[in-house]
Amino acid sequence: MDRFSKYNPKVTFLFFILVFIFTLSFFHPIFVLISFIAALGYKFKLDGRKTFFYLFKFILPIIFLITLFNFIFAHYGVTTLFAVHDIHFTLESMFYGLCQGTMFGAVIIWFSCYSMVVTSECFISIFGRFAPNIALVFSMVLSFIPRFRKNAQEINDARMLLDCEHNRLRKSISNFSALVTLTLEESIETADSMKARGFGKGRTVYSKYKFSLSDGICMAVMIVLSVLLIVFKFNGSTQFLFEPVIKMTSFPLIPMIIFAITMFLPIIIDFEEDIRWHFLKQKV
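An account of the accompanying structure is given in this report. These numbers come from a predicted model, not from an experiment. (Residues numbered from 1 in each chain as written. Predicted model: local features only at pLDDT ≥ 70, side-chain atom pairs only at ≥ 80, totals over all residues. Heavy atoms only, no water.)

1. Quick look at a nonpolar patch on the surface
Nonpolar side chains collect at one region of the surface, where F64, L65, L68, F69, I72 and F73 lie side by side and expose about 640 Å² of accessible area between them. Tracing the sequence through the fold places L65 in helix α3 (residues 50-73). (Patch = residues over 30% accessible without salt bridge, like charges linked within 9 Å, V, L, I, M, F, W, Y side chains within 5 Å. Areas by Shrake-Rupley, 256 points an atom, 1.4 Å probe, with all protein chains shown as cover. Salt bridge = Lys/Arg side-chain N within 4 Å of Asp/Glu carboxyl O. Helix = DSSP H or I, 4+ residues; strand = E, 2+ residues; numbered from the N terminus.)

Below, the structure is given as structure tokens:
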């Protein structure tokens, strides 16, 4: 069981915002690797063994393509691996592309975790009081893509069972036409349902989520860790040089530890819960 996802939506939403910001801000190989491992670990906690298929089928190819693209088209650095017609392919450009790809892969995994933890209901709970229309539109947009894919898969499965069209182009056009029609019908049904429930005639906001003491403690911890990371970021202790040579100006051990605690916070919370549950079972 994932305990962190049971926290108040304000806490989980703040965590993912901080994770996205710090992952993109600390462009340092060790920091990027920490974020990637933490994202992968939390994804495994949420999705189980499907994470490995997600990693090898989607994330690793993206990292490889970004690394290859930067290695081929960026030619900075002094450590030449080989040259083709006076074009030097350098270690620095390959390493920079690898770090870029890993950072991009970490952000994608974190976004996948975000979609599983911060649902549309949580999003409306956070922003429903002071921006209800924006929250509703945004939550509907987020739910549109998975519903669109689900409808497309259902239409394609139905066409395969009927097997009434062998031309792939005509079949794709027919499927797309059916998908658009189904989407429009669902939109009309949604609009009628909202109108029947009195949308736009005044509303009251209800939220089943309560802000508890543990939520406050967790948010306070995240804020303190974030302030420390911002201080270390602006004092230049986390810099890393990729050109003209690969060089770590310093080994920021304390910022790394704080960064790791921030990224692994959901796993730490779940681990603490698992230990407590283990000891409770021992007492029975």
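2. Thoughts on the environment of R147
Assignment of secondary structure puts R147 in helix α6 (residues 132-162). The class of R147 is partly exposed, set by a relative accessible area of 35%. Measuring from C-alpha to C-alpha, the distance between R147 and T183 comes to 9.1 Å, with 36 residues separating the pair along the chain. (Buried < 20%, exposed > 50% of the residue type's maximum accessible area, 1.4 Å probe, protein only.)

3. Topic: the pairing of strand β1 (residues 80-84)
In this sheet, strand β2 (residues 87-90) lies alongside β1 in antiparallel orientation, the contact comprising four bridges. Paired with A83 across the two strands is H88, which belongs to β2. Linking β1 back to β2 in an antiparallel pair, the connection comprises two residues, with H85 at a positive phi of about 55 degrees. (Pairing = 2+ DSSP bridges.)

4. Points about the environment of V32
Along the chain, the position of V32 falls in helix α2 (residues 29-47). For the pair formed by V32 and M103, sequence separation is 71 residues and the distance between their alpha carbons is 5.6 Å. With sequence-adjacent residues up to four places away left out, V32 is seen in contact with F26, F27, C99, T102 and M103. (Contact = heavy atoms within 4.5 Å.)

5. Concerning the packing of helix α1 (residues 9-25) against helix α8 (residues 213-234)
Viewed as axis vectors pointing N to C, α1 and α8 meet at an angle of 15 degrees, and their least axial separation amounts to 10 Å. By the angle class used here, α1 and α8 are roughly parallel. Both α1 and α8 take part in a crossing whose hand is left-handed. Here K10, V11, L14, F15, L18, F22 and S25 of α1 come into contact with α8, specifically with D215, C218, M219, M222, I223, S226, L229, I230 and K233. In terms of residue class, the contact of α1 with α8 is built from eleven nonpolar, two polar and three charged. (Axes fitted to C-alpha atoms, helices over the stretch in contact; angles between N-to-C directions. Parallel < 35°, antiparallel > 145°, perpendicular 65-115°, else oblique. Left-handed = near helix turned anticlockwise from the far one by under 90°. Nonpolar A, V, L, I, M, F, W, Y, C, P; charged D, E, K, R; others polar.)

6. Some thoughts on unusual backbone geometry
Across the junction of E243 and P244, the peptide omega takes the value 0 degrees, indicating a cis bond. Following the sequence through the fold, P244 ends up in the loop between β3 (240-241) and β4 (247-248).

7. Here we look at the nonpolar core
Judged by nonpolar contacts, the single largest core of 44 residues is most densely connected at F15, F16, W110, C218, F259 and M263. Within the residue set of this core, elements represented by two or more residues are α1, α2, α3, α4 (91-117), α5 (120-127), α8, α9 (253-263) and α10 (265-283). Among the elements that line this core, the one with the most residues is α1, at eight residues. In contact with W110, not counting residues within four places along its chain, are F15, F16, V19, F20, T23, S35, A38, A39, Y42 and M263. (Core = buried A, V, L, I, M, F, W, Y, C linked by side-chain atoms within 4.5 Å.)

8. Side note on α9
Along α9, the residues that are buried comprise P255, M256, I258, F259, T262 and M263. Viewed end-on, α9 has its buried residues packed into an arc of 165 degrees, placing them on one side of the element. (Arc of directions from axis to C-beta.)

9. Here's the deal with the packing of α3 against α4
Between α3 and α4, the least distance of the axes is 7 Å, while the angle of their chain directions is 150 degrees. Viewed along their axes, α3 and α4 form a crossing whose handedness is right-handed. Residue composition of the contact of α3 with α4, by class: 13 nonpolar, nine polar and no charged.

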